[in-house]
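A structural walkthrough
Letter by letter, the chains look like this.
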Amino acid sequence: MSGEVKHEWPLFEVFVRAKRGLNHVHVGSLRAADHEMALHHARDLYTRRNEGVSIWVVRSDDVVASGPDDKDAFFAPSGDKVYRHPTHYAIPDSVPHI
Amino acid sequence: MNEQAFTATIDKDQRIEPRDWMPDGYRKTMIRQIAQHAHSEIIGMQPEGAWITRAPSLRRKAILLAKVQDEAGHGLYLYSAAETLGADRGDLTRRLIEGRQKYSSIFNYPTLTFADVGVIGWLVDGAAICNQVPLCRSSFGPYARAMIRICKEESFHQRQGYELLMTMMRGTEAQRAMVQDAVDRWWWPSLMMFGPPDAESPNTAQSMAWKIKRHTNDELRQRFVDMSVPQAEALGVTLPDPDLRWNAEREHHDFGEIDWSELKRVISGDGPMNAERLANRRRADEDGAWVREAAAAHAAKRREATARERQEVPA
Ligand SMILES: [Fe+2]
Ligand SMILES: [Fe+2]
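Source: prediction; values computed, not measured.

Residue and element names in this part refer to chain B. Coordination of the iron ion (ligand 2) by the protein is provided by Glu71 (OE), Asp125 (OD), Glu154 (OE) and His157 (ND1), with metal-donor distances spanning 2.0 to 2.2 Å. Around the iron ion (ligand 2), the four donor atoms are arranged such that angles at the metal cover 83 to 170°; this shape is classified as irregular. Sequence spacing of the donor residues for the iron ion (ligand 2), all on one chain, is E-x53-D-x28-E-x2-H. Taken as a pair, the iron ion (ligand 2) and the iron ion (ligand 1) show a spacing of 3.3 Å, with Glu71 coordinating each metal. In this pair, Asp125 is assigned in helix α6 (residues 114–132) and Glu154 in helix α7 (residues 141–169), connecting sequence segments 29 residues apart. Comparing Asp125 with Glu154, the two get one shared label, buried.

In structure tokens, the structure reads:
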């Protein structure tokens, strides 16, 4: 047994909803044998005070992420579509509530 | 992303995130610093943990238990940050246990009386706060975010320690002597927590350039001394340094020479408690092995059972 590389539990990402009405926000990761244990550990680790009212755990290897090099393909187009922003449209100051 | 983008991000005071390109040296330094910090939090549970069952009241037991649990949490936030850089938690623990990675020298001193618990909260957590507040702006995103979480919790640690000492100082002559004795033993090791003097800290310049570090060791040490002097006065204890006095010209306190040979000795493994701290950590790891294996086996079994159930459901 000794000398062997010891067994490692999988990694989980933890998301906490700070209070009702807010989104779940990523707070960090932890190791657990399964989802249920991950949830318990997340409660002990990330919500010891008043940090949240709800927790999500997701296996880290199930997360698919855009890379920093995808930046242009993913995020650049929004820059040249100025007509998507309300400030693109000139409305006289005299028009109320718009 | 490349070196240019990395440098530009640092120059703009923005954060580096795990998937960004970074120099190998940056990654290595970051992993080493975060791991050492994590190990310190984990080993740091022992000196105070030793007093949980002996704390003098239920209130003090509950406080101490919560504080030690926080330190475990700090260790885990930090291992989590290290893992974003490709480090492996189990591997880091093995490095600690085998003495291949270090932890803060301060935890190699013994906690002889209950006053030590108060002094650790006041001075050791106080010094940690001095070190950690600037790290909330460290250039590596996950580390900076972990530090913000940690700093929020540290303030409770320092205040419970100081309040404990105030209570003892209002007690008997023997209790006051106990506090003074603990201060005498912890003051100098606390000053050593900031690391070697700037002149002998070869990595500081690079770490400052990468904005991993925001202030030098000596700057932070000075800040800690200046903060502690009025706190010691309010408490009614004497800091054990005959050279400690206000310097109106510098607008800082001057203080005596630190025994750097002691720091070197303790860091290299020859402090009063090094062997015991590591032995305890090693034993905890070994004693927990069967639990980790059993939980993994149970999880695998349940996964199989769920898979089988799904197959049995008629289409
Ligand atoms: Fe801590
Ligand atoms: Fe602390």
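So, about the interface of chain A and chain B. Each partner contributes residues to the interface: chain A has 27 residues there, and chain B has 27 residues. Roughly 2200 Å² of surface becomes buried between chain A and chain B when both sides are summed, with 46% attributable to carbon and sulfur atoms. For the pair chain A and chain B, the interface holds eight salt bridges. A salt bridge links Asp88(B) to Arg31(A), with the shortest nitrogen-to-oxygen separation between them at 3.8 Å. Going through the elements one at a time, β2 (24–31) and α1 (35–46) of chain A are the ones with two or more residues in the side of chain A that touches chain B.

Moving on to the packing of aromatic side chains. Residue and element names in this part refer to chain B. For the coordinates displayed, the defined rule picks out 10 aromatic pairs over all chains. Judged by centre distance (5.6 Å) and plane angle (85°), the rings of Tyr26 and Trp210 are edge-to-face. On the criterion of sequence distance, the pair formed by Tyr26 in helix α2 (residues 24–43) and Trp210 in the loop between α9 (204–209) and α10 (217–235) is long-range, its members being 184 residues apart. Its relative accessible area of 0% is what places Tyr26 among the buried residues. Here the basic side chain of Arg54 rests over the ring of Trp51, its NZ or CZ set 3.9 Å away from the ring centre. We note Arg149 situated over the ring of Tyr77; from NZ or CZ to the ring centre the distance is 5.6 Å.

One turn of an α-helix holds 3.6 residues; hence residues three or four places apart share an orientation. Helix length check: α1(A) (12 residues) gives 16 Å between terminal C-alpha atoms against 16 Å at 1.5 Å per residue, within 8%. Inspection of α1(A) places Ala38(A), Ala42(A), Leu45(A) and Tyr46(A) among the buried residues, and these make up the whole buried set. On an axial view of α1(A), the arc spanned by its buried residues comes to 75°, and they lie on one face. Looking at the packing, one finds that the buried side of α1(A) touches β1 (11–17), β2 and β3 (54–59) of chain A together with α4 (58–83) and α7 of chain B.

Quick look at a nonpolar patch on the surface now. All names here are of chain A. A cluster of nonpolar side chains, namely Val82, Tyr83, Tyr89, Ile91, Val95 and Ile98, defines an oily patch on the protein surface of about 610 Å² accessible area. Examined against the element boundaries, Ile98 turns out to sit in the segment after α3 (77–80). Exposure remark for Ile98: the relative accessible area of 74% places this residue in the exposed category.

Mean pLDDT over chain B works out to 95, with 99% of the residues at or above the 70 mark. Two numbers describe this predicted complex: its pTM, 0.92, and its ipTM, 0.90.

Residue and element names in this part refer to chain B. In the first shell of the iron ion (ligand 1), the protein supplies Glu41 (OE), Glu71 (OE), His74 (ND1) and Glu154 (OE), at 2.1 to 2.4 Å from the metal. Considering all four donor atoms around the iron ion (ligand 1), the spread of angles at the metal, 82 to 154°, places the coordination shape in the irregular class. The exposure class assigned to His74 is buried, which follows from its relative accessible area of 0%.

Moving on to the environment of Gly161(B). Residues and elements named next belong to chain B. For Gly161, the position within the fold is in helix α7. Sequence separation between Gly161 and Gly171 is 10 residues, and the spatial gap between their C-alpha atoms is 16 Å. Non-local contacts of Gly161, meaning those with residues more than four positions away in its chain, are made with Gly118, Gly121 and Trp122.

One broad trend across soluble globular proteins is that nonpolar side chains are buried collectively. Grouped together as the largest cluster of nonpolar side chains are 90 residues, with contacts concentrated most on Leu30(A), Tyr26(B), Ile34(B), Trp122(B) and Phe140(B). In terms of residue count, α6(B) provides more of this core than any other element does, 11 residues in total. Beyond its immediate stretch of four places on either side in the chain, Tyr26(B) contacts Phe6(B), Ile10(B), Ile16(B), Ser139(B), Phe140(B), Trp210(B) and Ile212(B). Listed in part, the five residues of the second largest apolar core include Trp9(A), Ala33(A), Ala295(B) and Ala299(B).

All names here are of chain B. By the secondary structure assignment, Gln4 is in helix α1 (residues 3–11). The exposure class of Gln4 is exposed, given its relative accessible area of 65%. For the pair Gln4 and Trp21, spaced 17 residues apart in the sequence, the C-alpha separation amounts to 9.8 Å.

Reading guide: rules and limits
Residues numbered from 1 in each chain as written. Chains lettered and ligands numbered in written order. Predicted model: local features only at pLDDT ≥ 70, side-chain atom pairs only at ≥ 80, totals over all residues. Heavy atoms only, no water. Donors = N, O, S within 2.8 Å, 3.2 Å for Na, K, Ca; no water. Tetrahedral: all angles 85-135°; square planar, octahedral: opposite > 155°, others 65-115°. Helix = DSSP H or I, 4+ residues; strand = E, 2+ residues; numbered from the N terminus. Buried < 20%, exposed > 50% of the residue type's maximum accessible area, 1.4 Å probe, protein only. Contact = heavy atoms within 4.5 Å. Buried area = accessible area lost by both parts, 1.4 Å probe. Salt bridge = Lys/Arg side-chain N within 4 Å of Asp/Glu carboxyl O. Phe/Tyr/Trp six-rings, centres within 6.5 Å; stacked < 30°, edge-to-face > 60°. Lys NZ or Arg CZ within 6 Å of the ring centre and 35° of its normal. Expected span 1.5 Å × (residues − 1). Arc of directions from axis to C-beta. Patch = residues over 30% accessible without salt bridge, like charges linked within 9 Å, V, L, I, M, F, W, Y side chains within 5 Å. Areas by Shrake-Rupley, 256 points an atom, 1.4 Å probe, with all protein chains shown as cover. pLDDT = per-residue confidence, 0-100. Core = buried A, V, L, I, M, F, W, Y, C linked by side-chain atoms within 4.5 Å.

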